[in-house]
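This is what each chain is made of:
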Amino acid sequence: AYFTPFADAAAAAAAAEPLKQPFVIGVSGGTASGKTTVCDMIIQQLHDHRVVLVNQDSFYRGLTAEESERVNDYNFDHPDAFDTEQLLICMGELKSGQSVNIPIYDFKNHRRCSESFRKVNASDVIILEGILVFHDQRVRSLMDMKIFVDTDADVRLARRIRRDTVERGRDVNSVLEQYGRFVKPAFDDFVLPSKKYADVIIPRGGDNHVAIDLIVQHIRTKLGQHDLCKIFPNVYVIQSTFQI
Ligand code: ADP
Ligand code: C5P
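Residues numbered from 1 in each chain as written. Chains lettered and ligands numbered in written order. Predicted model: local features only at pLDDT ≥ 70, side-chain atom pairs only at ≥ 80, totals over all residues. Heavy atoms only, no water.

(A) Highlighting the nonpolar core. Residues Val54, Tyr60, Phe76, Met91, Ile126, Leu128 and Met143 are the most contacted members of the largest nonpolar core, which totals 34 residues. Mapped by element, the contributors of at least two residues to this core are strand E2 (51–55), helix H4 (84–95), strand E3 (100–106), strand E5 (125–129) and helix H7 (172–191). The biggest single contributor to this core is H4, with 5 residues. Setting aside its immediate chain neighbours within four residues, Phe76 contacts Tyr60, Leu63, Val71, Ala81, Phe82, Tyr105, His110, Ile131 and Gln178. In this structure, Met41, Ile127, Ile147 and Ile215 belong to the second largest nonpolar core, which totals 22 residues. (Core = buried A, V, L, I, M, F, W, Y, C linked by side-chain atoms within 4.5 Å. Buried < 20%, exposed > 50% of the residue type's maximum accessible area, 1.4 Å probe, protein only. Helix = DSSP H or I, 4+ residues; strand = E, 2+ residues; numbered from the N terminus. Contact = heavy atoms within 4.5 Å.)

Here is the structure:
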């Protein structure tokens, strides 16, 4: 065998260099709490970085013919309504720097669009948003930072009625019935108990500019540390702790 010092040195340097993995943020909270709005505000402020948003909604399971016939009896707020295995595969690929095709969900017809996907490219920051993204331990363990958007239930219900009647093709009665039968009980049983996993709780969602500024500062610090590690692989960055 030939001794190839250059190749060995390059391999050693590559091994010594920390792998630059994307910074993964989970954003959870009840329906219409402002999760998407908060994510959009974070993305806007991080315009100089590559940031992608992944919605848990994209991983709703398809309904069987029987379930479709009785869609008003279907619980879209239970963890089993999501294809978490597929979500884990997509997130794993994105985390390892690959681009993925993410399904597009059609709320009017309760199904994934069969022909079209959204192509999501490798990024510096991945934001995963959804009512139940803190429920499964395997999904939680992908996250470097967990944010819970905390908005009063009456505000959320009012927003949900407006959104579902205007954008999701529902009538007021069906929204109220679904809310009482499924949305509120599942919030109490699954969403609220997962709040304890959050690192940061944002009261009032997108209205809370101070919280969003602080979160963006933190992400920038973390991304800066990534870059420093790349330039000086042998220098340890010592984290400081702030008290506000
Ligand atoms: P989620 O992603 O948690 O379901 P969204 O961010 O999509 O919540 O917001 C749900 C609805 O409420 C949307 O129609 C949005 O325009 C509206 N909304 C969100 N935040 C606010 C706010 N701070 N003030 C008024 N309306 C809001
Ligand atoms: O955007 P948001 O977080 O509110 O989306 C989650 C909500 O979407 C759930 O509370 C669920 O009741 C609702 N949903 C629905 N119909 C579907 C899929 C989800 O009403 N087909």
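(B) Representation of the site of ligand 1 within the structure. The local shell around ligand 1 consists of Gly30, Ala32, Ser33, Gly34, Lys35, Thr36, Thr37, Glu129, Arg159, Arg163 and Asp207. Ser33 has a polar backbone atom sitting 3.1 Å from an oxygen atom of ligand 1. At 3.0 Å from an oxygen atom of ligand 1 is found a main-chain nitrogen or oxygen belonging to Gly34. Computed on the free molecule, ligand 1 has an accessible area of 550 Å², of which 69% lies beneath the protein chains in the complex. Counting only elements with at least two residues in the shell around ligand 1, the list comes to helix H2 (35–45) and helix H6 (153–166). Of the residues forming the shell around ligand 1, the biggest block, 3 residues, is contributed by H2. Among the residues forming the shell around ligand 1, the class breakdown is 1 nonpolar, 5 polar and 5 charged. (Near = heavy atom within 4 Å. Polar contact = N/O pair within 3.5 Å; in protein donor to acceptor, adjacent residues only side chain to side chain. Areas by Shrake-Rupley, 256 points an atom, 1.4 Å probe, with all protein chains shown as cover. Nonpolar A, V, L, I, M, F, W, Y, C, P; charged D, E, K, R; others polar.)

(C) Spotlight on the site of ligand 2. Close to ligand 2 lie 17 residues; Thr31, Asp77, His110, Arg160 and Arg170 are nearest. Arg160 has a polar side-chain atom sitting 2.7 Å from an oxygen atom of ligand 2. Separating an oxygen atom of ligand 2 from a side-chain N or O atom of Arg168 is a distance of 3.3 Å. Its free accessible area being 480 Å², ligand 2 has 98% of it covered by the protein chains. Breaking the shell around ligand 2 down by element, the ones donating at least two residues are H6 and H7. Looking at side-chain class alone, the shell around ligand 2 contains 7 nonpolar, 3 polar and 7 charged residues.

(D) Here's a closer look at the side chain of Glu129. Mapped onto the elements, Glu129 comes out in strand E5. Buried and unpaired, Glu129 has no salt bridge, with Lys35 as the nearest side chain of opposite charge at 4.3 Å. Apart from residues no more than four positions distant in its own chain, Glu129 is found in contact with Val27, Lys35, Thr36, Cys39, Leu53, Val54, Asn55 and Gln56. (Lys, Arg positive; Asp, Glu negative; His and termini not counted. Salt bridge = Lys/Arg side-chain N within 4 Å of Asp/Glu carboxyl O.)

(E) Representation of the pattern of salt bridges in the model. The full count for this structure, using the stated rule, is 11 salt bridges. Put simply, Asp124 and Arg50 hold a salt bridge, and the shortest N to O gap is 3.4 Å. One end of the pair, Asp124, is in the loop between strand E4 (111–120) and E5; the other, Arg50, is in the loop between H2 and E2, and 74 residues separate them in sequence. Between Asp164 and Arg160 there is a salt bridge, and its shortest N-O distance comes to 2.9 Å. Separated by 4 residues within a single helix, Asp164 and Arg160 lie in helix H6, roughly one turn from each other. In this pair, the class of Asp164 matches that of Arg160, namely buried. Salt bridges sharing common partners tie together Arg70, Asp73, Glu177 and Arg181.

Any link to function would need more than the numbers given here.
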